[in-house]
Structure formats: C-alpha cells, structure tokens
Amino acid sequence: IDEKVEELLTTGRTSITKRIPTAKELALMVVKAEEEKERLMLENEEQKRKIVKLEEDSRYLNQILNSKNAEIVSVIAQDYGMNAPEFNKLLNGFGIQYKRSGTWFLYSKYLKEGYVTSSPFTFPHSDGRIETKNTTKWTRKGMRFLYYKLKEHGILPLIERNTQNE
C-alpha cells in the first residue's frame, strides 16, 4: 500500500490533507448550520416586517409632506413655546428669512423649496375700511425643514422637551 494511503488509514490524516472529521463531528456541524440557518431566517422575517412598517410610515409621511395644508407662523411658534415675533426673529437669526416693509420673506436659497405659500386675508380697520393682505404660511415640507434646522441648533418643540426630561 502506498505510504500516503496507509498513513490516512491509520491516523485519519496525511501530511498533505487535514484530518477528516468523524461522523459525530459532521453531524454537529450540520446541526449548527441548521440552527444558524433558522436564526437567519427568523432575523430575515423580522427585517421584512420592519421594512413593511417603514414603507407604510414613509407613505404616510409623504402624504403629510405633500399635503396642501399650511400653517401660519403663530401655530408653529406655539409648538416651540414662543410667539410669532420671537419665532420670526429666531428664523431671521438663522438666515432663513428677512423682514422688508413689515413682511417676512425667505432668503433666495429657500425660495424654490416649497417651504411657504401665501394666501390673502381680509380684515377691517377701526374706521370701517376693509383691507386685504397676503399672509405667509408654512407648508408641511417647510415645517419639516424648520424642525430639522432648529434641531441642529438644539431647539426642540415643547413636546420633545417634555419627553426628554422624563
């Protein structure tokens, strides 16, 4: 018999090859592989459930962001515990808007983003005259922008401040 074959038969290995696993070792390897396969399948199912949930959330949030509803600055300011003049000055300080002739305007880099919309409102003067002016309203997309911009500066809405202190 060849030297290599005899060495393999007596020791289970040759100088060329590694030791051949026993039947028991092979069975354990199969069991471990099956357990790992099952763990990965469960993990995969959990990831699929999370993806479905995130896709649903994404569709919902996109509907909100694409909503035609808009809010006046007073409503947004209130979420931050401020009044409209304070909030407008804050946005001015962050280079988002500027004031001209008593009206707030977005700086040009934000103009085409769809953050604001204007709509007319009518009001009576004390002398009985009726006047119409435009008011700027923040779109959902604009409110999202403000949220992240203010968060960059450590400014959170009241609801999040209360949550963080609990």
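None of the values given here were measured: they were computed from a predicted structure.

Student: So, the packing of aromatic side chains: which residues are in play, and what are the values?
Tutor: Here the structure, examined in full by the defined rule, presents 8 aromatic pairs. Plain terms: the ring middles of Tyr 98 and Tyr 107 are 5.0 Å apart, the flat faces sit at 45 degrees to each other, and that makes the pair tilted. Judged by its relative accessible area of 34%, Tyr 107 is partly exposed. An aromatic cluster is present here, built from Tyr 98, Phe 105 and Tyr 107 joined pairwise through their rings.

Student: Before we move on, could you go through the pairing of strand 2 (residues 97-100) and cite the residues and values that matter?
Tutor: Note: strand 2 against strand 3 (residues 103-106), 4 bridges, orientation antiparallel. Across the sheet, residue Arg 100 finds its bridge partner in strand 3, namely Thr 103. With antiparallel pairing between neighbouring strands as the criterion, strand 2 and strand 3 make up a hairpin whose turn holds 2 residues, including Ser 101 at a positive phi of roughly 55 degrees.

Student: Give a detailed account of the pattern of salt bridges, specifying residues and quantitative values.
Tutor: Any two side chains of opposite charge can pair, on the condition that their charged atoms come close. Applying the stated criterion across every chain, the model contains 6 salt bridges. Across the pair Glu 45 and Lys 48 runs a salt bridge whose closest N-O atoms are separated by 3.7 Å. Taken together, the residues Glu 45 and Lys 48, both in helix 2 (residues 23-65) and 3 residues apart, mark about one turn of the helix. By relative accessible area, Glu 45 is classed as partly exposed at 38%. Given the relative accessible area of 42%, Lys 48 is considered partly exposed. Look at the salt bridges and you will find they share partners, linking Glu 36, Arg 39 and Glu 43 into a network.

Student: Hey, could you go over the sheet that holds strand 1 (residues 70-72) for me, with residue numbers and the actual values?
Tutor: In spatial order, the strands read 1-5-4; together these 3 strands make up an open sheet with antiparallel pairing. Pairing within the sheet leaves two strands with one partner each, and these edge strands are strand 1 and strand 4 (116-124). Neighbour-to-neighbour, the strand axes of the sheet open up by a mean angle of 45 degrees, direction not taken into account. Contacts from helix 6 (residues 140-152) reach strand 1 and strand 5 (130-139), with the element oriented near 60 degrees to strand 5.

Procedures and definitions
- Residues numbered from 1 in each chain as written.
- Predicted model: local features only at pLDDT ≥ 70, side-chain atom pairs only at ≥ 80, totals over all residues.
- Heavy atoms only, no water.
- Phe/Tyr/Trp six-rings, centres within 6.5 Å; stacked < 30°, edge-to-face > 60°.
- Buried < 20%, exposed > 50% of the residue type's maximum accessible area, 1.4 Å probe, protein only.
- Pairing = 2+ DSSP bridges.
- Helix = DSSP H or I, 4+ residues; strand = E, 2+ residues; numbered from the N terminus.
- Salt bridge = Lys/Arg side-chain N within 4 Å of Asp/Glu carboxyl O.
- Axes fitted to C-alpha atoms, helices over the stretch in contact; angles between N-to-C directions.
- Contact = heavy atoms within 4.5 Å.

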